[in-house]
Every structure is written in C-alpha cells, then in structure tokens.
Amino acid sequence: MINIGLTVSINNETESFFENGIKQNIIILRDVLLKTGKVKNVYYVNIGSQKDLSKSPWKQYEKWIIDMPTALNNVNLLISAGVFLDGKTVDLAKKKNIKVVVHLMGNEYYVFNERSLFKNEDNSFISKVAGYDAVWISPHLYETNIVTGK
C-alpha cells in the first residue's frame, strides 16, 4: 500500500473547486486512486499561499491537505496535477526515493502558445517535466498535448 500526494494550489480563502476543471479532476482522481485497493492514503499537497481553510470550500478536505515538506516525508508517489513542481522539489523527492509524475489535465499546447505570445518566460514543456519519472496525459487532450512534447 502506498501513499500518494496530488499537488493543488489554494491561494485564497474562498477559492471555489469550480474555478477550473483541474481542481475538480484532482478531487475525483483522489477518490479513484483510493478505490484501487492499492493505495493507503491520498493527500492534497497545497503549493498555494492560503493556509487558513476555515472559510474555504477546501475545509471539508482539510485532514488530507498537507504542505510539501510534510509530503516529502510521507508519500511514495507525488503526482504533479494542479501545479508543476520546480526542479528543486523534484530533486528533493528523488533523493527520498519518491516517484514523481506530471499529470497533464489541461491543454498545454494552447498554454504554451499563449505564453510565447504574451509573456517572456521559459515555458518549454521539456523544462517543466525535467526529472519526472513519467508524464500522464488526459486522454481527451492527448492529440494537442503530444505536439507540445515533440
């Protein structure tokens, strides 16, 4: 039985699950993983700035929400689902023998194009997934996301 961490970014106290589909997918993914019978616990690893969840819709999941340092001491698999992890965090996880997977739940091809046109930052897909053990792509987004990885 393994422990899994799913990244999520909670940035304000009233942030809704419905502000984007990725947060809804992360909640559903936790339920699916627990039903496999191979998983002991699935935690939401909050990378965001909001720590007080007393007024948040996330309050109902509070006992499963942990921070990254806690995750690095308690999980066997870290799934970067709601937030890409920086190289330093991936390296720390690897040193602790934690498998790290990126799960693309959004349309990276369009995000890449948008950032190329309007922002001056490194947004190459390869730099985002460096050091990960695997890349998972939601099936309905495979055709557009696979282009980004070439």
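For the structure itself, consult the block above.
It should be emphasised that the depicted structure is a prediction, and the values quoted were computed from it without experimental measurement. Residue indices follow the written sequence of each chain, beginning from 1 at its first position. In keeping with the model being predicted, local features are shown solely for residues with a pLDDT of at least 70 and side-chain atom pairs are shown and tallied solely at 80 or more, while totals for entire chains, interfaces and linings include all residues. To obtain the side-chain values, all non-hydrogen atoms of the structure were used and water was disregarded.

**With respect to the nonpolar core**
Take the buried Ala, Val, Leu, Ile, Met, Phe, Trp, Tyr and Cys residues and link them wherever side-chain atoms come within 4.5 Å; each set so joined is a nonpolar core. Each residue gets one of three labels from its accessible area relative to the maximum for its type: buried under 20%, exposed over 50%, partly exposed in between, using a 1.4 Å probe on protein chains only. One finds Ile4, Leu6, Leu33, Tyr44 and Trp58 to be the most contacted residues of the largest nonpolar core, which totals 20 residues. Only DSSP runs of H or I covering at least 4 residues are called helices, and only runs of E covering at least 2 are called strands; the numbering of each starts at the N terminus. Elements supplying a minimum of two residues to this core: strand S1 (2–8), helix H1 (21–35), strand S2 (39–46) and strand S4 (77–80). Take this core: its biggest share by element is 4 residues, from H1. Every residue pair with non-hydrogen atoms within 4.5 Å of one another is taken to be in contact. Among residues more than four places away in sequence, those in contact with leucine 33 are Ile4, Leu6, Val39, Val42 and Ile79.

**Looking at the pattern of salt bridges**
The term salt bridge refers to a pairing of a side-chain nitrogen on Lys or Arg with a carboxyl oxygen on Asp or Glu at a separation within 4 Å. Enumeration over the complete set of coordinates arrives at 3 salt bridges. Of the charged contacts in the structure, one is a salt bridge between aspartate 133 and lysine 94, with a shortest N-O distance of 2.3 Å. A residue pair is termed long-range when its members are at least 10 positions apart, and aspartate 133 in the loop between helix H5 (125–129) and strand S6 (134–137) and lysine 94 in helix H3 (residues 87–95) qualify at 39 residues.

**Re H1**
One less than the number of residues in a helix, times 1.5 Å, gives the span that helix is expected to have. A rise of 1.5 Å per residue sets the reference length of H1, with its 15 residues, at 21 Å; its end C-alpha atoms lie 21 Å apart and thus fit the reference within 8%. Within H1, the full set of buried residues consists of Lys23, Ile26, Ile27, Leu29, Arg30 and Leu33. Axial view of H1: buried residues confined to an arc of 160 degrees, hence all on one face. The secondary structure elements touched by the buried residues of H1 are S1, S2, S4 and strand S5 (99–104). Think of the arc as the fan of directions from the helix axis to the C-beta atoms.

**Comments concerning H3**
Within H3, the full set of buried residues consists of Thr89, Val90 and Ala93. Taken down its axis, H3 places every buried residue within 100 degrees of arc, on the same side. Turned more than 90 degrees from where H3 packs its buried face, Lys88 and Lys95 sit exposed. Against helix H2 (68–72) and S5 lie the buried residues of H3. Of the residues flanking the start of H3, the one acting as N-cap is aspartate 86, its side-chain oxygen 3.1 Å from the backbone nitrogen of lysine 88. Contacts described as polar in this section are N or O atom pairs within 3.5 Å, which, within protein, must combine one atom able to donate a hydrogen with one able to accept it, while residues neighboring in sequence count only if both atoms come from side chains.

Read these as spatial facts, not as claims about activity.
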